[in-house]
Amino acid sequence: MIHIVFCSEHTDSLSSVKNIVVDACSDINCTYLSFEYTMDMLDYINTARPEKCAVFFLTNSISNGLEAASKANEINPMYRFNLFCPDCDDVERLFYKGISYFVKIPFSSESVIRAVEFLKRFYNEQMHKSLLLKSKHGIESIIFSDIKYVMSDKRKVIIYKQTEESAYYYKLDEIEAMLGAGFLRCHQSFIVNMEMIKAFVPEGLILTDETFIPVSRKKYYAAKREYLEYITDNQII
C-alpha cells in the first residue's frame with residue numbers, strides 16, 4: 001500500500017490536488033491523509049514510517065518546500081516528495097534536497113496527473129517490476145518480463161503476454177507512462193517489450209515468436225535507434 005500524504009495551508013488548492021490524485025490513483029492500492037501544518041505531516045511519516053509514501057506539498061515559499069523535502073528525505077530517501085510552488089530558483093537544488101517532482105503554481109489537472117504518472121512509474125520500476133492494473137476482478141499484477149507487447153483497441157488496451165492476452169480499460173499513453181524503460185512506443189497503437197524484439201524489417205519489427213509489429217514511418221528510425229541504444233547500454237556502435 002502507498003501512503004499518499006497531502007500538506008498545504010491553502011485548503012482550496014489542496015482539495016483540488018487531492019481530488020485529481022485520488023482519481024488518478026484509483027487503479028492502485030493507496031491510503032490518503034491530509035495535513036494543514038508541515039510539522040504534523042513530518043511527525044506522521046516519522047512515526048508511521050510507511051514502506052511506501054508520496055507527499056504532495058503545496059507552498060508559496062520555495063524555502064519552506066526545500067526544508068520540508070529535506071526533512072522527509074532524512075526520514076526515508078525512498079519517499080517521493082512532490083512540490084507545488086509558484087517559483088523555482090534552482091532546479092538542481094530541488095533534486096539535491098530530495099524533491100522527486102516539481103509542479104508550478106498555478107497548476108493544471110494535466111500537470112498533477114503527470115506527477116502521479118511519474119509516481120506510478122517509480123513504483124512499477126523500482127518496487128514492483130510489474131504493472132498494477134484495475135480490472136473487473138480487482139487489482140491485477142502483470143510482471144514486465146511476461147509482456148510481449150501492448151496494443152490499443154478503441155477504449156481498451158490489450159496486453160499480450162507469453163501465454164495469454166488480457167484487455168483493460170486504459171489509454172495506451174497511461175500504460176506507456178507506467179512501463180518506462182525497456183519498452184518501445186513504436187507506433188500510435190503499439191508498445192513493445194524490447195527484450196522480445198528479434199529484428200527490424202521494412203515497415204515494422206519481428207518479435208522472437210515471429211509476430212510482426214508495425215512501426216510508423218515517422219517513428220521508424222527513432223525507434224530503431226532507441227532499440228540499439230537499449231541493447232548496447234546506450235552506446236551506439
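Just so it is clear, the structure is predicted and the values come from calculations on it, not from any experiment.

*Asks:* How would you summarise the side chain of Ser111 if you had to cite specific residues and measurements?
*Replies:* Along the polypeptide, Ser111 turns up in helix α5 (residues 109-128). Classification of Ser111 as buried rests on a relative accessible area of 9%. Separated by 2.7 Å, the side chain of Ser111 and the backbone oxygen of Ser108 make a polar contact. Those residues in contact with Ser111, other than ones at most four positions away along the chain, are Tyr101 and Val103.

*Asks:* Account for the pairing of strand β11 (residues 183-187), with residues named and values stated.
*Replies:* A large share of β11 lies buried, amounting to 4 of its 5 residues. Here 4 bridges tie β11 to strand β12 (residues 190-193), and the two strands are oriented antiparallel to one another. Residue Phe183 lies in a different strand from β12, and its bridge partner there is Asn193. Turn length for the β11-β12 hairpin, with the two strands adjacent in sequence and antiparallel, is 2 residues.

*Asks:* I'd like to hear about the nonpolar core, residue by residue, with values.
*Replies:* Ranked by internal contacts, the top residues of the largest apolar core, which has 24 residues, are Ile4, Phe6, Val17, Val21, Cys25, Phe56 and Phe84. Within the residue set of this core, elements represented by two or more residues are β1 (2-7), α1 (11-24), β3 (52-58), β5 (101-104) and α5. Of all the elements, α5 adds the most residues to this core, at 6 residues. Val17 has contacts with Phe6, Phe56, Leu58, Phe84, Phe107 and Val112, leaving out every residue within four places of it along the chain. Of all hydrophobic cores here, the second largest spans 22 residues; its members include Val55, Ile75, Tyr79 and Leu94.

Calculation notes
Residues numbered from 1 in each chain as written. Predicted model: local features only at pLDDT ≥ 70, side-chain atom pairs only at ≥ 80, totals over all residues. Heavy atoms only, no water. Helix = DSSP H or I, 4+ residues; strand = E, 2+ residues; numbered from the N terminus. Buried < 20%, exposed > 50% of the residue type's maximum accessible area, 1.4 Å probe, protein only. Polar contact = N/O pair within 3.5 Å; in protein donor to acceptor, adjacent residues only side chain to side chain. Contact = heavy atoms within 4.5 Å. Pairing = 2+ DSSP bridges. Core = buried A, V, L, I, M, F, W, Y, C linked by side-chain atoms within 4.5 Å.

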